[in-house]
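# Descriptive analysis of the structure
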Number of protein chains: 2
Amino acid sequence: MTHPVTPKGTIRGVGLGPGDPDLMSVKADRLLRHASHVAFFRKAGRIGQARRILDGMLRSDVTEIAMEYPVTTEIPLSDPRYNQILSAFYEASAARLRGLSEAGQDVVVVSEGDPFFYGSFMHLYSRLKDDCPVEVVPAITGMSAAWTATGLPVTWGDDVLSVVMGTLPEDVLVGHMARADALVVMKIGRNFAKVCDALHHTGRFDDAWLIEYAAMADQTVQRLSEAGDRVAPYFSIIVVHGNGRRP
Amino acid sequence: MTHPVTPKGTIRGVGLGPGDPDLMSVKADRLLRHASHVAFFRKAGRIGQARRILDGMLRSDVTEIAMEYPVTTEIPLSDPRYNQILSAFYEASAARLRGLSEAGQDVVVVSEGDPFFYGSFMHLYSRLKDDCPVEVVPAITGMSAAWTATGLPVTWGDDVLSVVMGTLPEDVLVGHMARADALVVMKIGRNFAKVCDALHHTGRFDDAWLIEYAAMADQTVQRLSEAGDRVAPYFSIIVVHGNGRRP
């Protein structure tokens, strides 16, 4: 006698875009409004930006799965314990989703921005893709919202765009800033002074814009030279526009 | 006696995303379904990819404005006449939209991908923004659809992503390919052999993927090394994934 086999549920990594629910894709909007299970990352004790974008969209009987990042502020990135703690967290989160999939349950895992572009969902995806059906829905990136907010096109003609993280060493930043036509700098926070130094060093500072909370309610847009030394810790993006060929 | 003044209409540059109507933003979808005037670029004698994405979405009484690129295949990019012909075309297209705005008419101008990221709408935007209300709606880029189609995240941790055009000289391509962790190459077409040479020269060829028609009905995804020497002339993107920090 054979037992009936429950088909595995699909884990969908769905990008929410930059923050304005109106900038979500039609597909993301539909998947979320129908989802029975929705998972999201957040810091412990916070609502979380991803969850906030979903306000008013979810079914009343939805099961919400909050995956809360372990607190790591005391541990430097270079300490091997940092990676161990995060790895254990992603393993546990993946195991929870794997269990739901094995029970036949579809789950929508949301992430801010585009899931495959510096997103946390990638760490679940790499742990799940060989075990259960996984689908990824791309989304508008935070950087698209940032350059749109400046009111200036970011790349023209043959412009090279380089996307760099403020966490990189200054000489690496300088190398890319000197070569690229258009620039996007993310992960600024504590690296703000270093990023500004690298922009000064390559003559790009005066053409740089600082966008905080792009496409969110508290969006600000200003020239970096007018920004002072206070920046939003996480949702800040610096854009330097290209100046390529234009008829 | 004063004459009543008609308020100017708003010209909206709306990104359609990579090609699948389901990947349009909720905002783009709504604007298009309600629009009385929709403008799009296309080659003379073609339906045009942007217009094709809109099939079945528009009002039955919509006014469609096809802006047909002048034929420039006989003229090299470096010839000054090339720029003159394109410039005259954008001037004429902008004048047509300006006239509609002055008559109080809102117009949705659609573009594939994200309007401010290598998009043709920028050439209208720069000519219109001082004369009439202009709004830009960002969208999912073709490159997001391309890296999603590979089933592999494009950037991890502190990876640098550089976006380069195949039209650039080989030494410029090599400089960026050697430095960046993740790569996107667009405008491949006639430059395919040069792009492959630059990827070989920097040891990136074996890790490169070729995506044709990302998020469209005839999407193909393959390793570049298995692609042979035939590529789709326009909707081809090469992706090399980063390999940065991952817990």
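The rules behind the values
- Residues numbered from 1 in each chain as written.
- Chains lettered and ligands numbered in written order.
- Predicted model: local features only at pLDDT ≥ 70, side-chain atom pairs only at ≥ 80, totals over all residues.
- Helix = DSSP H or I, 4+ residues; strand = E, 2+ residues; numbered from the N terminus.
- Buried ≥ 20, exposed ≤ 12 C-beta atoms within 10 Å, placed from the backbone.
- Contact = placed C-beta atoms within 7 Å.
- Least-squares fit on C-alpha atoms with pLDDT ≥ 70 in both.
- Domains from an automatic or database assignment.
- Nonpolar A, V, L, I, M, F, W, Y, C, P; charged D, E, K, R; others polar.
- Pairing = 2+ DSSP bridges.
- Axes fitted to C-alpha atoms, helices over the stretch in contact; angles between N-to-C directions.
- Parallel < 35°, antiparallel > 145°, perpendicular 65-115°, else oblique.
- Left-handed = near helix turned anticlockwise from the far one by under 90°.

### Comments concerning the overall build of chain A
On a plain count of helices and strands, chain A comes out with seven helices and 10 strands. Along the first, second and third principal axes, the C-alpha set of chain A runs to 75 × 45 × 35 Å. Split into buried and exposed, the 247 residues of chain A put 47% on the buried side. Sequence-distant contacts in chain A: of pairs separated by 6 or more residues, those separated by 24 or more amount to 69%.

### A look at the relation of the copies chain B and chain A
Rotating chain B by 180 degrees and moving it 0.0 Å along the rotation axis overlays it on chain A with an RMSD of 0.0 Å. What the rotation and shift describe, once combined, is the action of a two-fold rotation axis. Comparing interface residues between copies, 100% of those in chain B also lie at the interface in chain A; the contact surface is shared.

### With respect to unusual backbone geometry
All names here are of chain B. Not every positive phi belongs to a glycine, and Tyr118 is a case in point at roughly 55 degrees. With a phi close to 50 degrees, Tyr213 is a non-glycine residue in the positive phi region. With respect to the element layout, Tyr213 can be found in the loop between β8 (208-212) and β9 (220-223).

### A short note on the domain arrangement of chain A
Residues and elements named next belong to chain A. On domain assignment, one finds that chain A holds domain 1 (11-137) and domain 2 (142-240). Measuring from the centre of the C-alpha atoms in domain 1 to the corresponding centre in domain 2 gives 27 Å. The partner domain 2 presents six residues to the five residues of domain 1 that form the contact. Grouping the constituent residues of the side of domain 1 that touches domain 2 by class yields two nonpolar, two polar and one charged.

### Points about the sheet that holds strand β6 (residues 161-165) of chain A
In a beta sheet, neighbouring strands pair by backbone hydrogen bonds and run either parallel or antiparallel. Here 10 strands make up an open sheet; going across it, the order is β9(A)-β8(A)-β10(A)-β7(A)-β6(A)-β6(B)-β7(B)-β10(B)-β8(B)-β9(B) and the pairing mixed. Of all the strands in the sheet, the pair left with one neighbour each is β9 (220-223) of chain A together with β9 of chain B. The mean inter-strand angle of the sheet, taken between neighbouring strand axes irrespective of direction, is 15 degrees. Where β6 of chain A meets strand β6 (residues 161-165) of chain B, three bridges bridge the pair, whose relative direction is antiparallel. Its bridge partner lying in β6 of chain B, Val163 of chain A is registered against Leu161 of chain B.

### Thoughts on the interface of chain B and chain A
Across the boundary between the two partners, chain B contributes 46 residues, which contact 46 residues of chain A. Residue assignment for the side of chain B that touches chain A shows that the elements contributing at least two residues are α1 (26-34), α3 (80-102), α4 (121-128), α5 (142-150), β6 and α6 (170-179) of chain B. Per-element accounting of the side of chain B that touches chain A gives the leading share, five residues, to β6 of chain B.

### Side note on the pairing of strand β8 (residues 208-212) of chain A
Residue and element names in this part refer to chain A. Most of β8 is tucked away, with five of its five residues classed as buried. Burial of the side chains of β8 extends over both faces: Ala208, Leu210 and Glu212 are buried on one face and Trp209 and Ile211 on the other. Pairing of β8 with strand β10 (residues 236-240) involves five bridges; the strand directions are antiparallel. Bridge pairing links Ile211 to Ile237 in β10. Bridge analysis of β8 against β9 gives four bridges, and the strand direction is antiparallel. Residue pairing in the sheet places Trp209 in a bridge with Arg223 of β9.

### Concerning the sheet that holds strand β4 (residues 107-111) of chain B
All names here are of chain B. Pairing is parallel across the open sheet formed by five strands, whose spatial order is β3-β2-β4-β1-β5. Only two strands of the sheet have a single partner each, and these edge strands are β3 (63-69) and β5 (134-137). Taking each pair of neighbouring strands and ignoring which way they run, the sheet shows an average axis angle of 25 degrees. Pairing of strand β2 (residues 37-43) with β3, which is carried by seven bridges, proceeds in the parallel orientation.

### Some details on the packing of helix α3 (residues 80-102) of chain A against helix α4 (residues 121-128) of chain A
All names here are of chain A. Direction vectors running N to C along α3 and α4 enclose 60 degrees, while the axes themselves pass 9 Å from each other. Classified by the interaxial angle, the pair formed by α3 and α4 is oblique. The handedness of the crossing between α3 and α4 comes out as right-handed. Only His123, Leu124, Arg127 and Leu128 of α4 make contact with α3, whose side of the interface consists of Tyr90, Glu91, Ser93, Ala94, Leu97 and Arg98. Here the residues of the contact of α3 with α4 are counted per class, giving five nonpolar, two polar and three charged.

### Focus: the environment of Val62 of chain A
Residues and elements named next belong to chain A. Topologically, Val62 is positioned in the loop between α2 (49-53) and β3 (63-69). Through-space distance from the C-alpha of Val62 to that of Glu170 is 46 Å; in sequence the pair is 108 residues apart. With sequence-adjacent residues up to four places away left out, Val62 is seen in contact with Ala35, Ser36 and Val38.

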